[in-house]
Each structure stands twice: as structure tokens, then as C-alpha cells.
Amino acid sequence: MESVIFKTVSHYINGQKVAGNSGKFGFVYSPSTGQKLAKVSYASPEEVDQSIALAKEAGAKWASTSIGKRVNILFKFRQLLVENTDKLANLIGKENGKTISDAKGEISRGIESVDLAIGAPHILKGEHSVNVGGKINAYSMKQPLGVVTCISPFNFPVMVPIAMSTMAVAVGNAMILKPSEKVPYSALLISELWQEAGLPDGVWNVLNGDKDTVNSIITHKDIEAISFVGSTKVAEIIYETGTKHHKRVNAFGGGKNHMVILPDANMDQAVDSFLGAAYGSASQRCMAISVAMTVGQKTTELFTEKLKLKVENLHPGSYDDESADFGAVISAEAKQSILNAIDQAVEEGANIVVDGRYPDVDNKDGFYLGATLLDHVTPDMTIYKEEIFGPARAIVSVDRIEEAIQLINDHQFGNGVTIFTNSGRDARKFIEEIEVGMVGVNVPIPIPVGYHNFGGWKDSRFGEGQMFGPDTARFFTKTKTVSERWFDQDDSDEVNFNFPSS
Ligand code: NAD
């Protein structure tokens with residue numbers, strides 16, 4: 001049996017690890033064993049209020065610290081993330097259930113966004129025009145917003161919090177991070193690294209909690225901006241509540257990501273790419289491929305036949321089992337809802353090609369599901385319409401590329417999509433016509449590298465501004481434009497009642 005981790009710590013406020021005294025708490029489980037790992041306290045409105053007040057004070061000093069000094073701390077933070085990768089990956093595995101090798105992958109993708117934030121001095125450079133009128137120069141500058149918040153999901157306990165927040169800190173804001181209460185401890189370990197890197201107390205804070213904690217944060221008068229990542233249902237609530245309270249909000253939601261396979265694609269490459277992109281991390285990635293859309297009957301038959309053989313050989317396992325293809329899903333409830341979705345798909349007419357509902361695993365108490373593959377899935381079925389956050393994947397067969405584009409464009413979500421083909425002409429048509437935020441050609445998961453912008457379209461994102469890339473700096477700053485003139489000593493300005501012109 002695994003031992004309880006972090007028995008007393010729930011929050012990180014003003015440089016201190018805090019137990020929390022709200023009296024309200026939840027349990028943290030190890031998905032691999034089904035055991036309770038810890039009890040985490042949910043921050044009360046008073047704790048939220050106190051943290052934001054301390055962050056505001058620390059943020060004002062941080063904003064006036066030179067950018068060079070801020071970046072030195074980021075360099076150190078990056079180094080500590082690298083040095084502590086094993087420790088972080090082990091903790092991610094414990095509380096999230098993903099395999100250690102997968103966890104290391106998310107840490108290295110998270111570090112990409114630290115790399116970009118280290119370039120904040122370049123990104124913060126404003127614009128400057130000389131002599132726009134009589135001895136007047138015009139320029140713009142980007143200033144931090146103040147105290148901002150990031151609210152993160154369970155599926156990337158390190159990458160998403162880092163990607164959401166590092167640039168916000170680099171450009172001079174103070175941060176209140178509210179991680180998922182299902183994986184509260186990775187964020188606390190990140191806090192230790194920030195402290196060791198020399199970040200002043202109060203600039204980075206972690207408050208754990210549930211929806212009530214979130215509500216206290218996002219409606220607080222001193223929170224200037226809200227960045228949210230999670231399910232579409234909650235993203236919409238956050239966007240509506242935040243904007244109603246006049247906050248700047250971007251809220252990233254769920255997805256239903258298609259892989260389109262054209263008849264001229266290399267089938268072996270497409271099958272291998274689908275396997276990892278669809279089932280990796282027990283399919284708990286917002287960019288996971290959930291639908292293979294095969295174009296033409298022959299393509300459908302060939303792809304299904306080859307894929308079936310490989311899906312049958314996938315097996316889930318404990319986070320520290322090096323032979324496991326993927327780990328357990330996050331909770332007993334999540335497992336049940338995925339099982340329900342498979343049952344419903346069958347009731348609605350889908351066919352199970354590979355049945356992963358009852359995997360052969362050592363630990364029967366862990367939240368394990370094997371890889372399930374369904375075909376004869378049609379666009380009117382629930383399994384096609386909704387995001388299934390677990391290893392149940394669908395094959396949808398269409399006759400022509402135009403039909404594939406139309407179906408994807410009509411879908412509620414528009415996070416990611418990828419196409420497998422050897423035709424440049426078809427790929428170009430697809431890229432131009434598809435209504436999805438992140439597009440791949442012959443790549444399994446079209447997640448952009450950390451220095452490009454990340455963000456879906458349609459109900460996969462509410463609000464403006466993207467994540468990961470340079471847009472993060474724009475989101476977390478406000479632009480001030482200055483028109484500046486310095487008179488020569490004996491110059492005089494004529495009185496002029498007309499609108500200023502150059
Ligand atoms: P979730 O929406 O349940 O929770 C996300 C965060 O919101 C958590 O911190 C949680 O405590 C909080 N929360 C939950 N219910 C709330 C409510 N009613 N009011 C206010 N706050 C609330 O999401 P999850 O289950 O943790 O994560 C999985 C989802 O996140 C999937 O839908 C996945 O696609 C999505 N996701 C999206 C992206 C993206 O970039 N678009 C990235 C990762 C995950």
C-alpha cells in the first residue's frame with residue numbers, strides 16, 4: 001500500500017507551505033492502486049482574500065524589479081525543473097496515474113514554455129516612432145496586470161500550470177494558481193522550485209480547492225485576469241462569470257480531435273501514429289485523437305484490420321510499470337462514465353472491434369481500462385458528438401475528403417485535427433478549409449511547440465488570447481501608448497482648438 005504524501009500541506013501562500021483551515025477538504029487517490037493518498041484542504045473565501053492581498057503587495061514590488069533580475073530567476077527555475085524531472089515525474093505518476101515516461105514528456109514540453117518566458121525581455125519590447133509631429137515621439141509599452149489567476153485541470157499536473165503561468169510571472173504579475181484538486185501536489189512541488197530559484201515570496205501562490213474556491217478567486221475585486229484550462233462545461237462558466245465581473249478571461253475547453261486518413265496515406269505510418277495519439281496517457285489529453293476518419297471503403301477496411309491487431313496488444317499498468325503502454329484513468333467515476341459511453345455507443349449501433357472494458361491487470365483496485373476500438377460509428381451517435389476522456393476510440397468511415405471536412409467543421413469542438421496523406425494538394429485544401437485551431441499533416445498530435453501559440457476554435461476555447469506561445473505575454477500585459485515631447489527652452493506652443501494632427 002502506498003503511503004500518504006504531504007500529510008499536512010495544502011497551499012503555498014506568500015512563500016509558506018500552509019495546511020489550510022477551512023474545514024472543507026477532499027481526498028486524493030492514486031489511480032494506479034485506487035488507494036487514498038492524502039487529504040487536501042479546500043481554500044475558504046477568507047484564505048483566498050488573504051492570499052490575494054499578499055500577492056498584490058508582492059506583485060507591486062515584482063513588477064518594478066528589472067526584467068534582467070526577473071529572467072535570472074527564470075533561468076534558475078528552468079534548471080531546477082530539469083534537475084528535478086525524476087522527482088516531478090514520479091509525483092505526477094502517483095497522483096495522476098500516467099506512466100513515468102509519459103510524465104517526463106509533459107515536463108519537457110512544459111520547459112519549452114519556460115524557455116519562451118526567458119525571452120520575455122525581447123517579447124516586452126514595445127514600438128517606437130520618432131517625430132510623429134513637432135518634436136513628438138510615440139511609443140508603446142507592455143505593463144503587467146497585477147494579480148492574475150490560472151486554474152488548471154488534472155491531466156497535465158506540471159505542463160499546463162507551467163505553460164499557463166510562467167510568462168505571466170516573467171512579465172511582472174503575481175500568480176494565484178488553483179490546480180485540479182485531484183492532483184494538488186505537483187503544483188506544490190513546482191512552488192518549492194520557484195522558491196529555490198529565488199522568486200520573492202508572494203509572487204507565486206498555490207491555492208487548492210474545488211469550484212467554491214474557484215468562484216471566490218475569479219470574482220475577487222483584485223484579480224485582473226483569469227486563464228482557465230479544463231472541460232468545456234466549466235470553461236463556459238468561468239468565461240461567463242469572469243467577464244461578468246469585468247475580468248480578462250481566456251478559457252480553454254475540451255476537444256474531439258480527428259485523424260483523417262486518405263486512401264494514398266502510408267497505412268502503417270497512420271496506424272502507428274493513431275495508436276500513441278489516441279491511447280497514450282489513457283486518452284486523457286485534450287489533444288488526443290479520438291476519431292479515425294477513414295476516406296473510402298478500402299481505406300476503412302485496411303486501416304481497421306491493421307489497427308485492430310495493434311490495439312489488441314496494448315495494455316494499461318501502474319505508473320511505475322515500464323512495460324505499460326498507458327496508466328489508469330483518473331478516478332472510479334471517470335472509469336464508470338467511459339464504460340457507460342461504450343455501452344451507449346453499442347446501444348446506438350456501434351460495433352466493438354477491440355473490447356478493453358475488462359483489462360487483465362495486477363491491481364484490481366486501480367482505475368484501469370484497456371484500449372477499446374469501435375467502428376460503424378456515425379456522426380449522430382453520442383460517442384461521436386461528446387468528448388470521451390478515456391481509452392474508447394471510434395472509426396468513422398466517409399466517402400470523400402469534402403465529407404470529412406464538412407463533418408469536422410460541423411462538430412461542436414475545434415481543438416486539434418490531423419490528416420495523413422501523400423498529396424500536397426489535398427493537404428493544402430484541408431489546411432485552408434478546416435475550422436479547427438491546431439492542424440497537423442502526417443503528425444500524430446498537432447500540439448504546437450511551446451514557442452508557438454496554442455488554442456482551439458469553437459467550443460474548445462472561450463475568450464481571446466492563446467496559451468504557450470507569445471500570445472501569453474499579450475494576454476498577461478496591458479499596452480500603454482505614450483506621445484512624448486520635450487520642448488526646447490524657448491519653444492512656445494500655440495493655442496489650438498482643432499483636433500491634434502501631424
Ligand atoms: P474540469 O473542468 O473538471 O476541472 C478543471 C478545473 O476547474 C479544476 O481546477 C477544477 O477544480 C475546476 N472546476 C471544476 N468544476 C468547476 C466549476 N463548476 N466551477 C469552477 N471551477 C470548477 O476538467 P478536468 O476534468 O480536470 O480536465 C479534463 C478536461 O480538461 C478535458 O475536457 C480536457 O479536454 C480539458 N483540457 C483542455 C486543454 C486545452 O488546452 N484545451 C488542456 C488540458 C485539458
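All values reported here derive from a predicted model rather than from experimental measurement. (Residues numbered from 1 in each chain as written. Predicted model: local features only at pLDDT ≥ 70, side-chain atom pairs only at ≥ 80, totals over all residues. Heavy atoms only, no water.)

1. Re the overall build of the protein chain
Phase 1: The helix and strand tally for the protein chain stands at 16 helices and 22 strands.
Phase 2: On C-alpha atoms alone, the protein chain measures out to a radius of gyration of 25 Å, which is about the 23 Å that the 2.2 N^0.38 rule sets for 502 residues.
Phase 3: Dimensions along the principal axes, computed over C-alpha positions, put the protein chain at roughly 85 × 55 × 40 Å.
Phase 4: Per-residue burial for the protein chain yields a buried fraction of 57% across its 502 residues.
Phase 5: Within the protein chain, contacts between residues at least 6 apart in sequence are counted, and of these 72% link residues at least 24 apart.
Phase 6: Surface accessibility of the protein chain: about 21800 Å² in total, with carbon and sulfur atoms responsible for 49%.
Phase 7: Put simply, the protein chain has 48 plus and 62 minus side-chain charges, and the middle of one group is 4 Å from the middle of the other. (Helix = DSSP H or I, 4+ residues; strand = E, 2+ residues; numbered from the N terminus. Rg over C-alpha atoms; globule rule 2.2 N^0.38 Å. Buried < 20%, exposed > 50% of the residue type's maximum accessible area, 1.4 Å probe, protein only. Contact = heavy atoms within 4.5 Å. Areas by Shrake-Rupley, 256 points an atom, 1.4 Å probe, with all protein chains shown as cover. Lys, Arg positive; Asp, Glu negative; His and termini not counted. Charge placed at Lys NZ, Arg CZ, Asp CG, Glu CD.)

2. Notes on the domain arrangement of the protein chain
Phase 1: Here the protein chain is partitioned into domain 1 (7-253 + 460-481) and domain 2 (257-441).
Phase 2: Taken together, the contact between domain 1 and domain 2 spans 23 residues of the former and 23 residues of the latter.
Phase 3: For the pair domain 1 and domain 2, the summed buried area comes to about 1800 Å², and 57% of that belongs to carbon and sulfur atoms.
Phase 4: In terms of surface lost to domain 2, no three residues of domain 1 exceed Pro 31, Ser 32 and Ser 460, which account for 27% of the buried area on that side.
Phase 5: Run the count over domain 1 and domain 2 and you get one salt bridge.
Phase 6: Here Asp 102 makes a salt bridge to Arg 285, at a shortest N to O gap of 2.9 Å.
Phase 7: Our count for the domain 1 to domain 2 interface comes out at nine residue pairs in polar contact (both at pLDDT 80 or more).
Phase 8: Only helix H3 (85-96) and helix H4 (100-118) provide two or more residues apiece to the side of domain 1 that touches domain 2. (Domains from an automatic or database assignment. Buried area = accessible area lost by both parts, 1.4 Å probe. Salt bridge = Lys/Arg side-chain N within 4 Å of Asp/Glu carboxyl O. Polar contact = N/O pair within 3.5 Å; in protein donor to acceptor, adjacent residues only side chain to side chain.)

3. Quick notes on the side chain of Asn 173
Phase 1: Within the secondary structure, Asn 173 is located in the loop between helix H6 (159-170) and strand E8 (174-178).
Phase 2: Since its relative accessible area comes to 0%, Asn 173 is described here as buried.
Phase 3: Polar side-chain contacts of Asn 173 include one of 2.6 Å to the backbone nitrogen of Leu 145.
Phase 4: Among the polar contacts listed, one links the side chain of Asn 173 to the backbone oxygen of Ala 168, at a separation of 2.9 Å.
Phase 5: When residues no more than four places from it in sequence are discounted, the contact partners of Asn 173 are Trp 62, Pro 144, Leu 145, Gly 146, Val 148, Ala 168, Val 203 and Phe 476.

4. As for the layout of surface pockets
Phase 1: In this structure, the second largest pocket occupies an estimated 300 Å³ of space.
Phase 2: Along the walls of the second largest pocket sit 13 residues, with Arg 485, Asp 493, Asn 496, Pro 500 and Ser 501 positioned nearest its centre.
Phase 3: Here the residues of the lining of the second largest pocket sort into four nonpolar, six polar and three charged. (1 Å grid on protein atoms, 1.4 Å probe; cavity = no way out; pocket = protein on both sides within 12 Å on 5 of 7 lines; lining within 4 Å. Points joined across faces, edges and corners; volume = space filled by probe spheres on them. Nonpolar A, V, L, I, M, F, W, Y, C, P; charged D, E, K, R; others polar.)

5. Brief notes about the sheet that holds strand E5 (residues 128-133)
Phase 1: Spatial ordering of the open sheet is given by E5-E6-E22, a layout of three strands whose pairing is antiparallel. Each having just a single partner strand, E5 and strand E22 (477-485) make up the two edges of the open sheet. Put simply, the sheet's adjacent strands are angled 30° from each other on average, direction ignored.
Phase 2: By the bridge criterion, nine bridges tie strand E6 (residues 136-144) to E22 in an arrangement that is antiparallel. (Pairing = 2+ DSSP bridges. Axes fitted to C-alpha atoms, helices over the stretch in contact; angles between N-to-C directions.)

6. Remarks on the packing of helix H2 (residues 67-83) against H4
Phase 1: Where H2 contacts H4, the two axes come as close as 9 Å, and the packing angle between them is 165°. Taken together, the axes of H2 and H4 are roughly antiparallel relative to one another. The crossing of H2 and H4 is left-handed. Taking contact as the criterion, the partners of Val 71, Leu 74, Phe 75, Phe 77, Arg 78, Leu 81 and Val 82 in H2 are, on H4, Ile 111, Val 114, Asp 115, Ala 117 and Ile 118.
Phase 2: For the contact of H2 with H4, the residue count by class is 10 nonpolar, no polar and two charged. (Parallel < 35°, antiparallel > 145°, perpendicular 65-115°, else oblique. Left-handed = near helix turned anticlockwise from the far one by under 90°.)

7. Concerning helix H1 (residues 45-63)
Phase 1: Taking 1.5 Å of rise per residue, the 19 residues of H1 would be expected to cover 27 Å, and the 26 Å separating its terminal C-alpha atoms lies within 8% of that figure.
Phase 2: Every buried residue of H1 is accounted for by Glu 47, Val 48, Ser 51, Ile 52, Ala 55, Ala 58, Gly 59 and Trp 62. (Expected span 1.5 Å × (residues − 1).)

8. Looking at the site of the ligand
Phase 1: In the vicinity of the ligand there are 27 residues, among which Lys 178, Glu 181, Ser 231, Gly 253 and Glu 387 approach most closely.
Phase 2: A distance of 3.2 Å separates an oxygen atom of the ligand from a polar atom in the backbone of Gly 230.
Phase 3: Burial of the ligand by the protein chains amounts to 88% of its free accessible area of 850 Å².
Phase 4: Breaking the shell around the ligand down by element, the ones donating at least two residues are helix H8 (211-218), strand E10 (223-229) and helix H9 (232-244).
Phase 5: Here the residues of the shell around the ligand sort into 14 nonpolar, nine polar and four charged.
Phase 6: Among the domains, domain 1 (7-253 + 460-481) and domain 2 (257-441) are the pair contributing at least three residues each to the shell around the ligand. (Near = heavy atom within 4 Å.)

9. Description of a nonpolar patch on the surface
Phase 1: Taken together, the side chains of Phe 25, Phe 27 and Tyr 29 present a nonpolar region at the surface, about 270 Å² in accessible area.
Phase 2: Among the secondary structure elements, Phe 25 is positioned in strand E3 (residues 25-29).
Phase 3: Assessed through its relative accessible area of 40%, Phe 25 is described here as partly exposed. (Patch = residues over 30% accessible without salt bridge, like charges linked within 9 Å, V, L, I, M, F, W, Y side chains within 5 Å.)

10. What about the environment of Leu 177?
Phase 1: The residue Leu 177 is located in strand E8 in this model.
Phase 2: Distance in space between the C-alpha atoms of Leu 177 and Leu 373 is 37 Å, their sequence separation being 196 residues.
Phase 3: Not counting residues within four places of it along the chain, the set of residues in contact with Leu 177 comprises Cys 150, Ser 152, Pro 161, Ala 187, Trp 204, Asn 205, Val 206 and Leu 207.

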